[in-house]
Amino acid sequence: MLYYLYEYCIAHGIHIPGIGMFKFISFRAGMAVLLSLIIAMVFGKKIINYLRQKQMGELVRDLGLDGQKQKEGTPTMGGLIIIMATLIPVLLFTRIFNVYIVLLITSVVWMGAIGFIDDYLKKVKKNKDGLSGKFKVIGQVGLGLIVGVTMYFHPDITVKRKYADAKEVNRNNVERNFMPTEKSTVSTVPFVKNNEFDYSGILFWMTPEKAHEWSWIVFIPIVIFIVTAVSNGANITDGIDGLAAGTSVVILLTLSFFAYISGNIIFADYLNIMFLPNMGETTIFALALVGAVIGFFWYNTYPAQVFMGDTGSLMLGGVIAVLAIILRKELMIPVLCGIFLIENISVMLQVAVFKYRKRKYGLEYAQNNRLFKMSPLHHHYQKEGYHESKIVNRMVIMGVLFAIICLITLKVR
């Protein structure tokens, strides 16, 4: 919004001291993260008090974990803090008609609404099961479909790939190193010399022209799967104080960096990566979300004063997935979102091993010989006697390690 004010003033010769700063993405991104952090920290307390007054407290099942019952009554739906603190700076500082910003705002509202309905049914309607799992999946699939179709068909979503023999070194002419703008389903493959992969290549039995025409058959289902998997992964990870928020900050900071360099043709040329036109604006969105999550983290660290609930966790996972997809970094998700993946796999392994042992040795043996003491994995470590804070700190450190691995893929191929 303020960017359009800047454009209006420039077009009409109106001079306002300092308004020229708004043409710089770096300035607007800095202002967005600062404002989102302030909003989350200042208004977060007011929202927490409101939720407490409305008795939106968490109902805790007795799972035999230390300190668990003390959390009963802690306000949930804290994801509303993150959503509010993100959207206000985004609307103020981004070019909101940018297709990527529209997609990301849609993702926040869409997934936030699904999570809110689930939390509302649990807390207000006293339906302990909340929103049915199939409706959650339908919502996730719906967002994946919107993102996939938009990515494939929208004319403003394009890439510029670098020529293999590019030689221009003058920063004013680096665009000569890149091929013409094209519509493509190309993505980035980490640790590979020629690190580009086109989904149309999966249709290897077709001619290149036909494969490109029909690549949406492959691309859109993959996008749907990624959005569903990552949003569920974040939801599962949100099990102890600060875990989902802490790991999400690391992931979002990494994606913010990728957004900035991918949307800047000089950095894209230097690092020999795809240049994504109009992508720079997403840096502002990603950093606004970082500030909002850090502000929420202030109240969510042990002992938590508020839980994000499905309103926050489903939204965070969905937005992270969409960010990775529009940045053409979705194939990096298993590493970048390694904590989410580990938590997801721990649940699947627990169920699979239990069913196998039950079938082979009987129910009593399966119950007494589980793979983990409890799943997801963070609960296993709680059962082992580790304090919540230690589990969160160590998982965040692991998240930083995964993020560094993703960053070095820019040079290590």
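About the thresholds
Positions within a chain are numbered from 1, following the residues in the order the chain's sequence is written. Selection of residues for local features in this predicted model requires a pLDDT of at least 70, selection of side-chain atom pairs for listing and counting requires 80 or more, and totals for whole chains, interfaces and linings are taken over all residues. Each side-chain value is derived from all of the structure's non-hydrogen atoms; neither hydrogens nor water enter the calculation. UniProt positions are given in the numbering used here, feature names are shortened, and annotations may be inferred rather than shown by experiment. Secondary structure elements follow DSSP: runs of H or I of four or more residues count as helices, runs of E of two or more count as strands, with numbering from the N terminus. In this scheme, a residue with accessible area under 20% of its type's maximum is buried, one over 50% is exposed, and one in between is partly exposed, where area comes from a 1.4 Å probe on protein chains only. The criterion used for residue contact is that any of the two residues' heavy atoms lie within 4.5 Å. All accessible areas in this document rest on Shrake-Rupley with a 1.4 Å probe, and a residue is counted as covered only by the protein chains that are shown. Residues scored as positive are Lys and Arg, those scored as negative are Asp and Glu, and His as well as the terminal groups of each chain are ignored. Charge positions are represented by NZ for Lys, CZ for Arg, CG for Asp and CD for Glu. Each patch is built from salt-bridge-free residues with over 30% relative accessible area, joining like charges within 9 Å and nonpolar side chains (Val, Leu, Ile, Met, Phe, Trp, Tyr) within 5 Å. Salt bridge, as applied in this entry: a Lys or Arg side-chain nitrogen positioned within 4 Å of an Asp or Glu carboxyl oxygen.

Looking at an unreviewed UniProt entry, the protein carries the name Phospho-N-acetylmuramoyl-pentapeptide-transferase, with the source organism given as Kaistella chaponensis. What UniProt states about the protein under its Pathway (unreviewed entry) heading is, verbatim, "Cell wall biogenesis; peptidoglycan biosynthesis."

Trainee: Give me the overall build of the protein: which residues, what numbers.
Mentor: Across its full length, the protein carries 16 helices and two strands. When the 413 residues of the protein are sorted by exposure, 50% land in the buried category. Partitioning the contacts of the protein with sequence separation of at least 6, the portion at a separation of at least 24 is 72%. Carbon and sulfur atoms provide 64% of the accessible area of the protein, an area that totals close to 19,700 Å². Distance between charge centres in the protein, computed from 40 positive and 27 negative side chains, equals 4 Å.

Trainee: Which residues make up unusual backbone geometry, and what values go with them?
Mentor: Put simply, Y302 and P303 share a cis peptide bond, and its omega is -10 degrees. Its location among the elements puts P303 in the loop between helix 10 (281–300) and helix 11 (309–326). Looking along the chain, the bond that leaves S375 and enters P376 is cis, with omega of 0 degrees. Along the polypeptide, P376 turns up in the loop between helix 14 (363–368) and helix 15 (377–383). Look at M77: it is not a glycine, yet its phi comes out positive at around 65 degrees. On the accessibility criterion, M77 (2% relative accessible area) is buried. Phi is positive for R328, close to 60 degrees, though the residue is something other than glycine. Topologically, R328 is positioned in the loop between helix 11 and helix 12 (333–336).

Trainee: Talk me through a nonpolar patch on the surface; I want residue IDs and the actual numbers.
Mentor: On the surface, L145, V149, F153, W214, W216 and I217 cluster together into a nonpolar patch covering about 530 Å² of accessible area. Among the secondary structure elements, those contributing two or more residues to the nonpolar patch are helix 5 (133–153) and helix 7 (216–237). The element contributing the most residues to the nonpolar patch is helix 5, with three residues. Residue position: W216 is located in helix 7.

Trainee: Account for the UniProt feature "binding site: Mg(2+)" (unreviewed entry) in the protein, with residues named and values stated.
Mentor: Feature annotation in UniProt assigns "binding site: Mg(2+)" (unreviewed entry) to the following positions: N235 and D310. In three dimensions, the annotated residues from a span of 76 residues occupy one location, with a maximal C-alpha spread of 6.6 Å. Within the secondary structure, N235 is located in helix 7. The residues touching N235, leaving out its near neighbours within four places in the chain, are D310, S313 and L314. Following the sequence through the fold, D310 ends up in helix 11. Looking at D310, the relative accessible area reads 10%, which means it is buried.

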